[in-house]
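Coordinates in review
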Amino acid sequence: MTEAPSYLSPTGQEIVFLLLGAVAVGSALLVVTTKQLVHAALWLVVCFGALAGGYLVLTAEFVAWVQVLIYVGAIVALLLFGVMLTRAPIGRTADLDSRNRPAAAVVAVATAVVLVTVVIDGFRTAYAPLEPGGGSAKELGSSIFRNWVLPFEALSVLLLAALIGAIVLSRTDIRGRD
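If you're wondering where the values come from, they're calculated on a predicted model, not measured in any experiment.

1. With respect to the overall build of the chain
- Of regular secondary structure, the chain possesses 6 helices and 0 strands.
- In sequence order, the secondary structure elements of the chain are arranged as α-α-α-α-α-α.
- By the burial criterion, 11% of the 178 residues in the chain qualify as buried.
- In the chain, once contacts between residues fewer than 6 apart in sequence are set aside, the share between residues at least 24 apart is 67%.

2. Here's the deal with helix α2 (residues 37-57)
- In this model, α2 (21 residues) spans 30 Å end to end at C-alpha, consistent with the 30 Å of a helix rising 1.5 Å per residue.
- Buried residues belonging to α2 abut α1 (12-33) and α3 (61-85).
- Phi turns positive one or two residues past the end of α2, at Thr 59, with a value near 60°.

3. Remarks on unusual backbone geometry
- Positive phi, normally seen in glycine, also occurs at Thr 59, with a value near 60°.
- Relative to the helices and strands, Thr 59 resides in the loop between α2 and α3.
- For Thr 59, a relative accessible area of 12% gives the class buried.

4. So, a nonpolar patch on the surface
- On the surface, Phe 62, Val 66, Leu 69, Ile 70, Tyr 71 and Ile 75 cluster together into a nonpolar patch covering about 530 Å² of accessible area.
- Of note, Ile 70 is situated in helix α3.

5. Considering the packing of α2 against α3
- Two elements in contact, α2 and α3, have axes whose closest approach is 8 Å; the angle formed by their N-to-C orientations is 175°. Viewed along their axes, α2 and α3 adopt a mutual orientation that is roughly antiparallel. Across from Leu 37, Val 38, Ala 41, Leu 44, Val 45, Phe 48, Gly 49, Leu 51, Ala 52, Tyr 55 and Leu 56 in α2, the residues of α3 making contact are Glu 61, Val 63, Ala 64, Gln 67, Val 68, Tyr 71, Val 72, Val 76, Leu 79, Leu 80 and Val 83.
- Taken together, the residues of the contact of α2 with α3 break down into 19 nonpolar, 2 polar and 1 charged.

6. Things to note about the packing of aromatic side chains
- Summed over all chains, the structure comprises 1 aromatic pair.
- Between the aromatic rings of Phe 48 and Tyr 71, the centroid separation amounts to 5.3 Å while the plane-to-plane angle is 50°, which identifies the pairing as tilted. Taken together, the residues Phe 48 in helix α2 and Tyr 71 in helix α3 connect sequence positions 23 residues apart.
- Overall, the relative accessible area of 14% leaves Phe 48 in the buried class.

7. A look at the environment of Gln 67
- With respect to the helices and strands, Gln 67 occurs in helix α3.
- The spacing of Gln 67 and Ala 52 is 15 residues in sequence and 5.8 Å in space, taken between C-alpha atoms.
- Beyond its immediate sequence surroundings of up to four residues, Gln 67 is in contact with Phe 48, Leu 51, Ala 52, Tyr 55 and Val 72.

Definitions and cut-offs
Residues numbered from 1 in each chain as written. Predicted model: local features only at pLDDT ≥ 70, side-chain atom pairs only at ≥ 80, totals over all residues. Heavy atoms only, no water. Helix = DSSP H or I, 4+ residues; strand = E, 2+ residues; numbered from the N terminus. Buried < 20%, exposed > 50% of the residue type's maximum accessible area, 1.4 Å probe, protein only. Contact = heavy atoms within 4.5 Å. Expected span 1.5 Å × (residues − 1). Patch = residues over 30% accessible without salt bridge, like charges linked within 9 Å, V, L, I, M, F, W, Y side chains within 5 Å. Areas by Shrake-Rupley, 256 points an atom, 1.4 Å probe, with all protein chains shown as cover. Salt bridge = Lys/Arg side-chain N within 4 Å of Asp/Glu carboxyl O. Axes fitted to C-alpha atoms, helices over the stretch in contact; angles between N-to-C directions. Parallel < 35°, antiparallel > 145°, perpendicular 65-115°, else oblique. Nonpolar A, V, L, I, M, F, W, Y, C, P; charged D, E, K, R; others polar. Phe/Tyr/Trp six-rings, centres within 6.5 Å; stacked < 30°, edge-to-face > 60°.

What follows is the structure in structure tokens.
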């Protein structure tokens, strides 16, 4: 059994992972605190990019590229197109401020303290050395289609129903039957 290394001498991988985590957390905070919607979408790109970098450090290359292609490429583009097509206000808007920032900050800090405490207490002595190949497409594919077929298919049906519902709700030329 290998002994866990000391936390006082982190490896290069651990330093890069912590830096990417700090970038992800900082950009996520900027996503929810900026008052301009387009800037929030761009900070979301930075957050998703940092997460993809974290996956690369953890040797999950397939998950990292899926993160880049699906989230950075498709989801953020969809968000920006939605903003442009709905003619939503792009700049600062005073109507959107609910003046609940102090209460939201207290709840956010309390939630963060609880989560950090639970994670530190639960994983204080846990150590898993990084071994390449754990996130390969072959291993993920066999895991998804061997162990997780039913939830995977249920999720696809749920997403299809949500897409059909969104199309029905957005269509203005469909009238209800009287």
